[in-house]
Amino acid sequence: MPGLLGKKIGMTSVFSADGKNVPCTVIEAGPCVVTQVKTVEKDGYEAVQLAFGEKKEKNTTKAMQGIFKKAGTTPKRHLAEFKFDEELNLGDTVTVEIFNDTAFVDVVGTSKGKGFQGVVKRHGFGGVGQATHGQDDRLRKPGSIGACSYPAKVFKGMRMGGQMGGDRVTTQNLRVLKVIPESNLLIVKGSVAGFNGSTVIINK
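In what follows, the accompanying structure is described. (Residues numbered from 1 in each chain as written. Predicted model: local features only at pLDDT ≥ 70, side-chain atom pairs only at ≥ 80, totals over all residues. Heavy atoms only, no water.)

1. Here's the deal with unusual backbone geometry
Only a minority of non-glycine residues have a phi that is not negative, and only a minority of peptide bonds are not trans.
Part 1: Residues Y150 and P151 are joined by a peptide bond in cis, for which omega reads 10 degrees.
Part 2: As for its position among the elements, P151 is in the loop between α3 (119-123) and β9 (162-164).
Part 3: In this model, N173 sits at a positive phi of 55 degrees, which is unusual for a non-glycine residue.
Part 4: Within the secondary structure layout, N173 lies in strand β10 (residues 168-180).
Part 5: Here N173 falls in the exposed class, since its relative accessible area comes to 57%. (Helix = DSSP H or I, 4+ residues; strand = E, 2+ residues; numbered from the N terminus. Buried < 20%, exposed > 50% of the residue type's maximum accessible area, 1.4 Å probe, protein only.)

This is the structure we're talking about:
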């Protein structure tokens with residue numbers, strides 16, 4: 001499906017036509033440059049590789065420099081592949097205007113990293129009871145993890161404390177409130193995973 005690479009600017013709110021205050025996310029969507037065109041004959045599938053965000057040439061590998069040079073553009077930081085209905089050529093620029101007639105989009109981002117967290121915050125456990133009746137330090141502990149006589153092991157997938165956040169999150173069916181082509185901005189209703197300034201992928 002067609003889409004764009006972009007950057008999350010932050011959250012704000014706008015007033016709808018009926019006077020409601022609607023929370024929304026502002027995304028800088030594009031402009032993206034076509035750096036590769038995948039074909040069935042050469043690659044086995046059809047897709048278009050888009051690049052977004054500037055990068056220093058000294059931090060770019062020779063192989064990637066060759067790809068950007070062939071497309072006639074400066075080195076870019078982020079790459080992603082999309083399937084467009086219309087035909088695009090090497091070096092073409094895709095802007096936020098592709099969302100002019102789009103009502104809903106899916107946005108892929110990386111959630112904020114929260115470090116090592118316990119089961120109450122990470123999985124919503126309720127703890128193991130009250131602070132009375134002789135209990136000392138068990139309020140936010142997981143309780144039994146399933147020890148038994150057979151098979152005498154803890155099963156895989158047991159919910160425990162651990163690293164939380166930093167995951168790829170897709171938020172589906174976000175309503176497009178406004179497209180501002182002159183500033184390359186896309187305003188969608190609701191929240192998007194990630195910190196301000198993080199890279200996101202927007203799909204129709």
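2. With respect to the sheet that holds strand β12 (residues 199-203)
Part 1: Pairing within the closed barrel is antiparallel, and its six strands lie in the order β1-β2-β11-β10-β7-β12. Strand after strand, the sheet turns through a mean of 50 degrees between neighbouring axes, direction not considered.
Part 2: By the bridge criterion, five bridges tie strand β2 (residues 21-29) to strand β11 (residues 185-189) in an arrangement that is antiparallel. Note on β11: the bridge partner recorded for I27 is L186. (Pairing = 2+ DSSP bridges. Axes fitted to C-alpha atoms, helices over the stretch in contact; angles between N-to-C directions.)

3. Topic: the packing of aromatic side chains
Part 1: Enumeration over the complete set of coordinates arrives at one aromatic pair.
Part 2: Between F82 and F84, the ring centres sit 6.5 Å apart and the planes meet at 70 degrees, which makes this aromatic pair edge-to-face.
Part 3: When its relative accessible area of 3% is taken as the criterion, F82 is described as buried.
Part 4: What makes F84 buried here is its relative accessible area of 13%. (Phe/Tyr/Trp six-rings, centres within 6.5 Å; stacked < 30°, edge-to-face > 60°.)

4. Focus on the pattern of salt bridges
Part 1: Applying the stated criterion to the full structure yields three salt bridges.
Part 2: Ionic pairing is found between E28 and K7, a salt bridge with its closest N-O pair at 3.9 Å. You can see E28 sitting in strand β2 and its partner K7 sitting in strand β1 (residues 3-15), a full 21 residues away along the chain.
Part 3: A relative accessible area of 31% places K7 in the partly exposed class.
Part 4: Of the charged contacts, one joins E81 and K38 as a salt bridge, the two residues approaching to 3.8 Å between their closest N and O atoms. Of this pair, E81 sits in strand β5 (residues 76-82) while K38 is found in strand β3 (residues 32-38), placing the two residues 43 residues apart along the sequence.
Part 5: Residue E81 is classed as partly exposed on the basis of its relative accessible area, which comes to 36%.
Part 6: Classification of K38 by relative accessible area gives buried; the value is 16%. (Salt bridge = Lys/Arg side-chain N within 4 Å of Asp/Glu carboxyl O.)

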